[in-house]
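Structural features, examined
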Amino acid sequence: MMYDKYQLTVEPTLMNYSFVSEGTKGKIIKLISYTETGVKGVYNLGFGDKDTNGKMDDVTITNNGDSLKVLATVASTVYSFTNKFPNAAIYAIGSSKARTRLYRMGIANNLTDILQSFDVYGFIEGEWYEFEKNVDYEAFLIKRKKLVNLFL
Amino acid sequence: MNTEDSFKSKIPKLTIDKSLDQYVGKVIFKEKLDLANEMLKKYGVPNPETVKKYSETHSKK
């Protein structure tokens, strides 16, 4: 399913993205940042608002009335990022239970589409599992499926 | 549309913004990264060969 998305800007390494959320509370600058974790090839997906002092805040729930559009925009960066880094795995966790639930719903609602290109895992009760709908995961890991050339 | 075409069709159009260069090589969301590192160190990453479905191991009786 195709959702409306915001126009993204990016720096040349394709690891830091920005867009402007426009909603009931006005314009809010959002930043998405992929940072490699201590595990080689696993990147943390960071996402938050730029506050009036120019500092990043990934805790505040903005409630700008455009959460689906924001989520779709963030999700689209996964395609951009893994196009450049096809072997990267992306780790994502919300800054609150509500935001983690929003991530889960975003994945679940588009699971068929996502599974065409990615393997998706959910973490719960100390273990990783293959992602399924209706499980209240605490974190997620997504990795682009390896391309298989049937002619080789 | 094959899988690769489907993937490519979802890549967003991007505009380069030089002001974002300030974030290159920096950890912007440190608390979140620390949390990820702590969790990954303790539990590792999923093994595609052995990972199961939660519903298979926690089926209702």
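Residues numbered from 1 in each chain as written. Chains lettered and ligands numbered in written order. Predicted model: local features only at pLDDT ≥ 70, side-chain atom pairs only at ≥ 80, totals over all residues. Heavy atoms only, no water.

Secondary structure summary: chain B contains 3 helices and 2 strands in total. What you see in chain B, going N to C, is helices and strands ordered as α-β-α-β-α. Rg of the C-alpha trace for chain B: 19 Å, well past the compact-globule value of 10 Å for 61 residues, more than 25% over. When its C-alpha atoms are laid out on the principal axes, chain B stretches across 55 × 40 × 20 Å. Relative to its full complement of 61 residues, chain B shows a buried share of 26%. Looking at chain B as shown, the accessible area adds up to about 4600 Å², and 51% of this sits on carbon and sulfur atoms. Charge-centre separation for chain B: the mean point of 13 positive side chains lies 6 Å from the mean point of 9 negative side chains. (Helix = DSSP H or I, 4+ residues; strand = E, 2+ residues; numbered from the N terminus. Rg over C-alpha atoms; globule rule 2.2 N^0.38 Å. Buried < 20%, exposed > 50% of the residue type's maximum accessible area, 1.4 Å probe, protein only. Areas by Shrake-Rupley, 256 points an atom, 1.4 Å probe, with all protein chains shown as cover. Lys, Arg positive; Asp, Glu negative; His and termini not counted. Charge placed at Lys NZ, Arg CZ, Asp CG, Glu CD.)

Quick look at the pattern of salt bridges now. Tallying each qualifying case throughout the model produces 9 salt bridges over all chains. Of the charged contacts in the structure, one is a salt bridge between D21 of chain B and K18 of chain B, with a shortest N-O distance of 3.2 Å. By relative accessible area, which is 29% here, D21 of chain B ends up partly exposed. Classification of K18 of chain B as exposed rests on a relative accessible area of 58%. A cluster of three or more residues bridged by salt bridges with shared partners is formed by R144 of chain A together with E4 and K8 of chain B. (Salt bridge = Lys/Arg side-chain N within 4 Å of Asp/Glu carboxyl O.)

Within this structure, the stated rule accounts for 16 aromatic pairs over all chains. Ring centres 6.4 Å apart and planes at 80° place the aromatic pair Y91 of chain A and W128 of chain A in the edge-to-face group. Taken as a pair, Y91 of chain A in strand β6 (residues 89-92) and W128 of chain A in strand β8 (residues 127-130) lie far apart in primary sequence, 37 residues in all. Through successive ring pairs, a cluster of aromatic residues spans Y17, Y34, Y43, F81 and F85 of chain A. Over the ring of Y6 of chain A we find K69 of chain A; its NZ or CZ atom is 4.2 Å from the centre of that ring. Over the ring of F7 of chain B we find R144 of chain A; its NZ or CZ atom is 3.6 Å from the centre of that ring. (Phe/Tyr/Trp six-rings, centres within 6.5 Å; stacked < 30°, edge-to-face > 60°. Lys NZ or Arg CZ within 6 Å of the ring centre and 35° of its normal.)

Here the focus is the interface of chain B and chain A. Listed per partner, the contact involves 40 residues of chain B and 54 residues of chain A. Surface buried jointly by chain B and chain A totals about 4300 Å² across both partners, of which 67% is contributed by carbon and sulfur atoms. Connecting chain B to chain A are 2 salt bridges. K10 of chain B is the partner of D113 of chain A in a salt bridge, and the nearest nitrogen-oxygen pair spans 3.5 Å. (Contact = heavy atoms within 4.5 Å. Buried area = accessible area lost by both parts, 1.4 Å probe.)

A few words now on the pairing of strand β7 (residues 118-124) of chain A. Residue and element names in this part refer to chain A. Burial analysis of β7 places 6 of its 7 residues in the buried class, which makes it a mostly covered element. Sheet topology note: the β7/strand β9 (residues 139-144) ladder contains 6 bridges and is antiparallel. Opposite D119, over in β9, you have K143 as the bridge partner. Bridging between β7 and β8 involves 4 bridges; their strand directions are antiparallel. Considered in β8, the bridge of F123 is made with W128. Taken together, β7 and the strand that follows it, β8, pair antiparallel across an intervening segment of 2 residues, in which E125 is found at a positive phi of about 50°. (Pairing = 2+ DSSP bridges.)

Its place among the elements puts S117 of chain A in helix α3 (residues 111-117). Classification of S117 of chain A by relative accessible area gives buried; the value is 5%. If near-sequence neighbours (up to four positions away) are discounted, S117 of chain A is found in contact with Y79, K143, R144 and K145 of chain A together with T3 and F7 of chain B.

Okay, the side chain of R99 of chain A next. All names here are of chain A. Note on placement: R99 falls in helix α2 (residues 97-109). For the buried R99, no salt bridge exists, and the shortest N-O distance to an oppositely charged side chain is 5.3 Å, to D49. Every residue in contact with R99, bar those within four places of it in the chain, is listed here: F47, D58, T60, I61 and G94.

The subject of this paragraph is the confidence of the model for chain B. Residue and element names in this part refer to chain B. For chain B, the mean per-residue pLDDT works out to 92, and 97% of the residues sit at or above 70. Averaged pLDDT values over the elements of chain B bottom out at 89 in helix α1 (residues 3-9) and peak at 97 in strand β1 (residues 14-16). The ipTM assigned to the predicted complex is 0.92, against a pTM of 0.92. (pLDDT = per-residue confidence, 0-100.)

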